[in-house]
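Per-entry structural report
The primary structure of each chain is shown beneath.
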Amino acid sequence: MIITSRFFNRSELIGFIALAVVLVVILPLSLDVFRLNLVAKYLTYAFVAIGLVLCWGYGGILSLGQGVFFGLGGYCMAMFLKLEASSVENTKIQSTPGIPDFMDWNQITSLPLFWQPFHSLTFTIAAIILVPGLFALIIGTAMFKRRVGGTYFAIITQAVAAILTILIVGQQGYTGGINGMTDLRTLKGWDIRPDHAKIILYFVEVVLLFVCIGIAQFIRLTKLGRILVAMREQEDRVRFSGYSVANFKIFAFCMAAVFAAIGGAMFALNVGFMSPSFVGIVPSIEMVIYTAVGGRMSIFGAVWGSLLVNFAKTSLSESFPQLWLFGLGALFIAVVLAFPNGLSGIWQDYVQPRIDRLLASRKSKPKNGWSDDSVADGAPAE
């Protein structure tokens, strides 16, 4: 098959089909709307994990600040939704009708200038892509052009996450502060709160996820993907070959930022709020753990890692809320020590070889009990 040789190998094709069946058929048919909406929340982190596969897995750039871009995308979408929910009719009891409630609480009497464009959905969608992308471009250019990488870059991204969190909390009148942006109701007049809307948003998110998977897979299979891997293994050799290592790093970092921002925007739509608790250092580290558990070299593994770790987080935190963080740390240590390639490594090392041997044995098994070189009774030998 062409799709097997040109875009997916056999193992990846199996992973693609399995993921599609689980997300499109099994989960919608077996879960109620509340649990399905939880899965949609988990999938928003899968966008971040896919970006980290490109950035960290293939490019060797460990970013501990992906929550920044997740938050930027989420806040862009939340600003549009909040403006729509803050119509004059809905806010007529405020001192200043027509502006978000947290602005009225902070004695702001008119909508700030930078909020004005978010009345447009088209501008909002463009901002979800461009704002995080441009922010990543600025950070990446400042760092990679000066050959800052490795541990230093990871620490700097953590610092950026902390700074943005402090900024969002401190500017309460413009961002909603520690409470974030809540009471998000409609998208162009369409109520996003009922059960049927949650189901539609789930399938929209699944489609976007597979689009991002396709983009990431395309990048991985091109010359650009091979250069990213070479850059991760022998950066100086790639540089001496005449390639601009900084530009490739910037590209990978910006793509990871855009993927994370799409996840953040879908989070705001599915959950109905956005707060700085999803921007800081802790959520950014958790996003790296999702990728590590799934396999930082596997696009599909990163998606499975996001689903499984978040499912475990929900299940264990409901029963043992004080022990979950210890469990998360133990899980990360176990993956690093025992299975450095994550779930995808377990599949490739233990499951896939058995499947290959089983398929090979079935192909070599003679039909009707005859060996390949045997001659049927009465048939002339050639």
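Now for a description of the structure that goes with this document. For clarity, every value in this text was computed on a predicted model and none was experimentally measured. (Residues numbered from 1 in each chain as written. Predicted model: local features only at pLDDT ≥ 70, side-chain atom pairs only at ≥ 80, totals over all residues. Heavy atoms only, no water.)

Below, the discussion takes up helix 7 (residues 150-170). Between its first and last C-alpha atoms helix 7 spans 31 Å; for 21 residues at 1.5 Å apiece the expected length is 30 Å, and the two agree. Buried within helix 7 we find Phe-153, Ala-154, Thr-157, Val-160, Ala-161, Leu-164, Thr-165 and Ile-168. Summarising the axial view, the buried residues of helix 7 lie within an arc of 130°, below the 170-degree limit, and thus occupy one face. Pointing more than 90 degrees away from the buried face of helix 7 are the exposed residues Thr-151, Tyr-152, Ile-163, Ile-166 and Gly-170. Packing partners of the buried residues in helix 7 comprise helix 4 (66-85), helix 6 (121-144), helix 8 (172-175), helix 12 (245-271) and helix 13 (281-294). (Helix = DSSP H or I, 4+ residues; strand = E, 2+ residues; numbered from the N terminus. Expected span 1.5 Å × (residues − 1). Buried < 20%, exposed > 50% of the residue type's maximum accessible area, 1.4 Å probe, protein only. Arc of directions from axis to C-beta. Contact = heavy atoms within 4.5 Å.)

Looking now at the nonpolar core. Judged by nonpolar contacts, the single largest core of 112 residues is most densely connected at Leu-23, Leu-43, Tyr-202, Leu-209, Ile-213 and Val-303. A total of 20 residues in this core trace back to one element, the largest contributor, which is helix 12. Not counting residues within four places of it along the chain, the set of residues in contact with Leu-43 comprises Leu-23, Tyr-202, Glu-205, Val-206, Leu-209, Val-303 and Leu-307. (Core = buried A, V, L, I, M, F, W, Y, C linked by side-chain atoms within 4.5 Å.)

With that settled, consider a nonpolar patch on the surface. A contiguous nonpolar patch, built from Ile-17, Val-21, Val-24, Val-25, Ile-26, Leu-29, Ile-199 and Phe-203 and spanning about 660 Å² of accessible area, is present on the exposed surface. Going through the elements one at a time, helix 2 (10-30) and helix 9 (195-221) are the ones with two or more residues in the nonpolar patch. If you tally residues by element for the nonpolar patch, the top one is helix 2, at six residues. Tracing the backbone through its elements, the reader meets Leu-29 in helix 2. Residue classification places Leu-29 among the exposed residues on the basis of a relative accessible area of 72%. (Patch = residues over 30% accessible without salt bridge, like charges linked within 9 Å, V, L, I, M, F, W, Y side chains within 5 Å. Areas by Shrake-Rupley, 256 points an atom, 1.4 Å probe, with all protein chains shown as cover. Salt bridge = Lys/Arg side-chain N within 4 Å of Asp/Glu carboxyl O.)

Attention now moves to the layout of surface pockets. Reported here for the largest pocket is a volume of approximately 570 Å³. In terms of lining, the largest pocket is formed by 23 residues, of which the most central are Ser-11, Ser-298, Gly-301, Ser-344 and Trp-347. No other element matches helix 2, which puts five residues into the lining of the largest pocket. Residues that form the lining of the largest pocket fall into these classes: 10 nonpolar, 10 polar and three charged. For the second largest pocket, the calculated volume is near 380 Å³. Contributing to the lining of the second largest pocket are 18 residues, with Leu-72, Tyr-75, Cys-76, Met-79 and Phe-114 lying nearest its centre. Here the lining of the second largest pocket takes four residues from helix 4, the largest share from any one element. When the residues that make up the lining of the second largest pocket are grouped by side-chain class, the tally is 16 nonpolar, two polar and no charged. (1 Å grid on protein atoms, 1.4 Å probe; cavity = no way out; pocket = protein on both sides within 12 Å on 5 of 7 lines; lining within 4 Å. Points joined across faces, edges and corners; volume = space filled by probe spheres on them. Nonpolar A, V, L, I, M, F, W, Y, C, P; charged D, E, K, R; others polar.)

We now examine the packing of helix 6 against helix 12. Any two packed helices are characterised by the angle at which their axes cross and by the distance between the axes. Where helix 6 meets helix 12, the axes come as close as 8 Å, and the angle between the chain directions of the two elements is 150°. As the angle between them shows, helix 6 and helix 12 are arranged roughly antiparallel. Judged by the sense of rotation from one axis to the other, the crossing of helix 6 with helix 12 is right-handed. Each of Ile-128, Ile-129, Pro-132, Gly-133, Ala-136, Leu-137, Ile-139, Gly-140, Thr-141 and Phe-144 in helix 6 lies in contact with helix 12, whose residues at this interface are Ala-246, Lys-249, Ile-250, Phe-253, Cys-254, Ala-257, Val-258, Ala-261, Ile-262 and Ala-265. Partitioning the contact of helix 6 with helix 12 into residue classes produces 16 nonpolar, three polar and one charged. (Axes fitted to C-alpha atoms, helices over the stretch in contact; angles between N-to-C directions. Parallel < 35°, antiparallel > 145°, perpendicular 65-115°, else oblique. Left-handed = near helix turned anticlockwise from the far one by under 90°.)

For the coordinates displayed, the defined rule picks out one cavity of 30 Å³ or more. Size it by volume and the largest cavity reaches roughly 30 Å³. What lines the largest cavity is simply Ser-63, Gly-65, Val-68, Phe-69, Ile-139, Thr-157 and Val-160. Residue assignment for the lining of the largest cavity shows that the elements contributing at least two residues are helix 4 and helix 7. When grouped by side-chain class, the residues that make up the lining of the largest cavity number four nonpolar, three polar and no charged.

Bringing the side chain of Arg-220 into the picture now. Within the element layout of this structure, Arg-220 appears in helix 9. Residue classification places Arg-220 among the buried positions, given a relative accessible area of 19%. Within the local environment of Arg-220, its side chain forms a polar contact with the side chain of Gln-217, the two groups lying 3.2 Å apart. (Polar contact = N/O pair within 3.5 Å; in protein donor to acceptor, adjacent residues only side chain to side chain.)

A separate point is helix 4. With 20 residues, helix 4 extends 28 Å from end C-alpha to end C-alpha; this agrees with the ideal 28 Å at 1.5 Å per step. In terms of burial, helix 4 is a largely internal element, 19 of the 20 residues being buried.

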